[in-house]
Amino acid sequence: MVRMTGAKRFAHEWVDEHAQRFSDFHLRIWNYAEPAWREYKSAKAYCDLLRTEGFAVEEGSGEMPTAFVARWGKSGPVLGTYAEYDAVPGNSQQVVPYHAPRDGLHPWAAGHTDPHSALGTTSLAGVLAAKATMERFGIAGTILFFGEPAEKVCGSKPVHAAKGYFDGCDAFISYHPHFSNTAIWNTQCGSYWSVVFTFETVEPERWIDKSLVPTTHTSHAAARCPGAIDALCLMYTTTKYTKEAMFPHTGTWTLNEFVLVGGDATSDNLPPRFSQIQYAWRSPSLGIQQQIYNVLENNARHVAAMAGCRASVRWITKTRVGLTNHAMADLTFGNMHLVGPPRFTDEAHDFARQIQSNLGIAPMENPFLDDNERLMPPKEYEARLRRAMPEWQTNYTSDDYVDYTWHAPTVRLLTMRPRLRPPSPDYEYPAWTHNALGGLPAAINPGIFLGAKTIAATFLDLLTEPALLKQAQDEFRERTGGGIGGARWVAPLLPKDFKPPVDLRWPEYVQTTRGEEWWIPTPATGSGAGEPLR
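Keep in mind that what you see is a predicted model, and the values were worked out from it rather than measured. The written sequence of each chain sets the order in which its residues are numbered from 1. Note on the predicted model: pLDDT of at least 70 is required for a residue's local features to be given, and 80 or more for side-chain atom pairs to be given and counted; whole-chain, interface and lining totals, by contrast, use all residues. In computing side-chain properties, one takes all heavy atoms of the structure into account and sets aside hydrogens as well as water.

Quick look at the overall build of the chain
For the purposes of this entry, the term helix denotes a DSSP run of H or I that reaches at least four residues, the term strand denotes a run of E that reaches at least two, and both are numbered from the N terminus. Helix and strand counts for the chain come out as 13 helices and 14 strands. C-alpha atoms define the radius of gyration, and 2.2 Å times the number of residues to the power 0.38 defines the globule rule. At 25 Å, the chain has a C-alpha radius of gyration in line with the 24 Å of a compact globule built from 534 residues. Projected onto its principal axes, the C-alpha coordinates of the chain cover approximately 90 × 55 × 45 Å. Split into buried and exposed, the 534 residues of the chain put 56% on the buried side. For every accessible area listed, the method is Shrake-Rupley and the probe measures 1.4 Å; residues are considered covered only by the protein chains on display. With an accessible surface of roughly 22400 Å², the chain has 53% of that area assigned to carbon and sulfur atoms. Taken together, the 50 basic and 57 acidic charged side chains of the chain have centroids lying 3 Å from each other. Any residue under 20% of the maximum accessible area for its type is buried, any over 50% is exposed, and the rest in between are partly exposed; the area is computed with a 1.4 Å probe on protein chains only. Here the positive residues are Lys and Arg and the negative ones are Asp and Glu; neither His nor the chain ends is included. A single reference atom marks each charge: NZ on Lys, CZ on Arg, CG on Asp, CD on Glu.

Dropping the structure here:
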């Protein structure tokens, strides 16, 4: 039975006393809106703050410039959690109740969707509340706080895991904003793998026998080697054709692509020399992941031969699937229950009703989902989640927190992010509505502070109640068949010497003589796409 203690009450009050500080910090990260692998300002903001709080900070951990590891304490159990802070390209939005990308940037610049700005701030506030309580009550323990960039490509946690950063920890808390307030029971996230295929036209001269051409030394009259753009297009099309043959239409698995480099801009009668396409896929098992990759690799090899190119593959990430821990889930939800459900203010309601009105929806008395303002027991959430899945499927969707779960008992904690109530079951709000609400303190703060208090209290229980920590660790050893290296333990899927893909052409902000811009040049008006076709 989880109970309120003087230490937990102190931690709750500490969060309340510092609420404005964390609200301001969240808005700072929200406004930076930096995408995966390019979160320079956000990472620096965390590192600077953590140093002022007495943490020893390693910047650039795991050879990732925007990652970090912060440590405080020298004895007792080692507990860890993390911040994420990457935004999503194509989701720029101001804190207004209508669609409005940020001024002065390309309209398809990045914005926070989940929002990870709240994710990191919540964990930060929980860690600092636990630290202040440990100092006040003389509680021994060590806190590790990781800066995890590029979650949208599941980029950093598998790297930290492979390079040994999670070794020696006793328990972890993984936090994420959500529509509900709960802790995951059985169905943890599945696996996410991603690669970049590169096509290079290395020897275009060998494509055709020049003796067959009446006029020699005239490239404009010769048949051109298809080249890198054709290889990329063939890869895209071939993969679309073979997608349905990768795995049966059952379970929840997805495959997506993104063109990183599109041919090096050659427009003469010369073959494009270089192109890159990224594939990312998620599924409930490592076996399905490998099956999908086998098809992708085969496609790349064949289209390269067809287009006169050399094909290469570079891994972006490989995650495992999540491992659950009921002891941690029970403990964490018990501490959430001590805090109580979050509540929206009149300001949040008024803003939400303005959104509805601007969309032509009759403003509602309560414009938010009921689940935003109630606590959902883990087993109830589990039952709801399972409705959409076949019985054989044991994991769902993806997130790279799963790599933490194989190194120490881990809980997946969720607290609400504001979600609007639909006027009918078939209605879906535009994405900008949720992005705007994520930047409104009155709407996002209740979930942040519920999460922060829950994290702090759970850390304090693990530090002061040895039996609770032992119960979680015993379950971890049982599920892994003996703990780290056990019969059912899954090792990191990336090698220890893995080079993080920070050098690739990821979307980012750039500094030009015109000022700061999105990597797509910012037009004077609109998106720069020209006149719409009618």
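Description of the nonpolar core
Residue types Ala, Val, Leu, Ile, Met, Phe, Trp, Tyr and Cys, when buried and joined through side-chain atoms within 4.5 Å, form a set referred to as a nonpolar core. Judged by nonpolar contacts, the single largest core of 77 residues is most densely connected at Tyr46, Phe55, Leu124 and Phe145. No other element matches helix 12 (residues 441–464), which puts 11 residues into this core. Ignoring anything within four residues of it in the chain, the contact list for Phe145 reads Tyr46, Leu50, Phe68, Val69, Ala70, Thr81, Tyr82, Ala83, Gly120, Ser123, Leu124 and Val127. Here, two residues are considered to be in contact whenever any of their heavy atoms come within 4.5 Å of each other.

Some points on the layout of surface pockets
If you add up the space inside the largest pocket, you get close to 1200 Å³. Elements supplying a minimum of two residues to the lining of the largest pocket: strand 5 (171–178), strand 7 (189–200), strand 8 (254–262), strand 9 (274–283), helix 10 (378–386), strand 11 (396–398), strand 12 (410–416) and helix 11 (431–438). A total of four residues in the lining of the largest pocket trace back to one element, the largest contributor, which is strand 9. Residue polarity follows a fixed list, in which Ala, Val, Leu, Ile, Met, Phe, Trp, Tyr, Cys and Pro are nonpolar, Asp, Glu, Lys and Arg are charged, and the others, Gly among them, are polar. A breakdown of the residues in the lining of the largest pocket according to their chemical character gives 23 nonpolar, 11 polar and nine charged. The way it works is a 1 Å grid over only the protein atoms, where trapped points that fit a 1.4 Å probe form a cavity and open points with protein on both sides within 12 Å along at least five of seven lines form a pocket, and then any residue with an atom within 4 Å of a point lines it. Grid points are joined across faces, edges and corners, and a volume is the space filled by probe spheres set on the points.

Observations concerning the pairing of strand 13 (residues 509–512)
The pairing criterion is simple: DSSP has to find at least two bridges between the two strands. As judged from the four bridges shared by strand 13 and strand 14 (residues 515–518), these two strands associate in the antiparallel manner. Bridged to Thr512 within strand 14 is Gly515.

So, the packing of aromatic side chains
Note on aromatic contacts: the rings of Phe and Tyr and the six-membered ring of Trp form a pair at centre separations within 6.5 Å, being stacked when their planes are under 30 degrees apart, edge-to-face when over 60 apart, and tilted otherwise. One pass over the structure, following the stated rule, counts 25 aromatic pairs. For the pair Phe10 and Phe137, a centre-to-centre distance of 5.8 Å together with 80 degrees between the ring planes defines the contact as edge-to-face. Residue Phe10 is found in helix 1 (residues 6–17), and its partner Phe137 is found in helix 4 (residues 116–137); the two are separated by 127 residues along the sequence. On the basis of relative accessible area, Phe10 is assigned to the partly exposed category, the value being 24%. Measuring from ring centre to ring centre gives 5.8 Å for Phe146 and Tyr404, while their planes differ by 75 degrees; the resulting arrangement is edge-to-face. Of this pair, Phe146 sits in strand 4 (residues 142–147) while Tyr404 is found in the loop between strand 11 and strand 12, placing the two residues 258 residues apart along the sequence. Pair check on accessibility: Phe146 and Tyr404 agree, each one buried. Following the ring pairs from residue to residue traces out a cluster consisting of Phe25, Tyr46, Phe68, Tyr85 and Phe145.

So, the side chain of Thr187
Mapped onto the fold, Thr187 is located in the loop between strand 6 (182–183) and strand 7. Any N or O atom pair separated by 3.5 Å or less is treated as a polar contact, with the protein-specific requirement of one donor-capable and one acceptor-capable atom, and with residues adjacent in sequence counted only for side-chain atom pairs. Among the polar contacts listed, one links the side chain of Thr187 to the side chain of Glu382, at a separation of 2.6 Å. Side chain to side chain, Thr187 and Arg386 meet in a polar contact 3.3 Å long. Not counting chain neighbours up to four residues away, the residues in contact with Thr187 comprise Glu382, Leu385, Arg386, Met389, Thr394, Asn395 and Tyr396.

A closer look at empty space enclosed by the protein
A full pass over the atoms with the stated rule returns two cavities of 30 Å³ or more. By volume, the largest cavity amounts to about 40 Å³. Looking at the largest cavity, the residues that line it are Tyr236, Thr239, Lys240, Lys243, Leu255, Glu257 and Tyr279. For the lining of the largest cavity, the elements supplying multiple residues, two or more each, are helix 6 (227–242) and strand 8. Volume-wise, the second largest cavity comes out at about 30 Å³. In terms of lining, the second largest cavity is formed by Trp30, Ala33, Ser92, Gln93, Arg102, Ala110, Gly111 and His112. Residue classes in the lining of the second largest cavity are distributed as three nonpolar, four polar and one charged.

Section: the packing of helix 1 against helix 4
Lines fitted to the C-alpha atoms define the axes, with helices restricted to the stretch that makes contact. Angles between their N-to-C directions range from 0 to 180 degrees. Relative orientation of the contacting elements helix 1 and helix 4 amounts to 130 degrees, with a least axis distance of 9 Å. Looking at the two axes, helix 1 sits oblique to helix 4. Note that helix 1 runs across helix 4; the crossing there is right-handed. Counting all contacts with helix 1, which are made through Gly6, Ala7, Phe10, Ala11, Trp14 and Val15, the residues of helix 4 involved are Ala125, Leu128, Ala129, Ala132, Thr133, Arg136 and Phe137. Split into classes, the residues belonging to the contact of helix 1 with helix 4 amount to 10 nonpolar, two polar and one charged. Working rule for angles: under 35 degrees goes down as roughly parallel, over 145 as roughly antiparallel, 65 to 115 as roughly perpendicular, anything else as oblique. A clockwise turn of the near helix away from the far one marks a right-handed crossing, whereas an anticlockwise turn of less than a right angle marks a left-handed crossing.

What about helix 2 (residues 19–32)?
Helices are assigned an expected span. That span is 1.5 Å times one less than the residue count. With 14 residues, helix 2 ought to run about 20 Å at 1.5 Å a step, and its terminal C-alpha atoms sit 20 Å apart, in line with that. The complete set of buried residues in helix 2 reads Ala19, Phe22, Ser23, Phe25, His26, Ile29 and Trp30. Buried positions in helix 2, seen along its axis, are confined to an arc of 160 degrees and lie on one side of it. Contact partners of the buried residues in helix 2: helix 1, helix 3 (40–52), helix 4, helix 11 and helix 12. Phi turns positive, to about 45 degrees, at Ala33, one or two residues after helix 2. In this context, the arc is that of the directions from the helix axis out to the C-beta atoms.

Shape is all these values report; function is a separate question.
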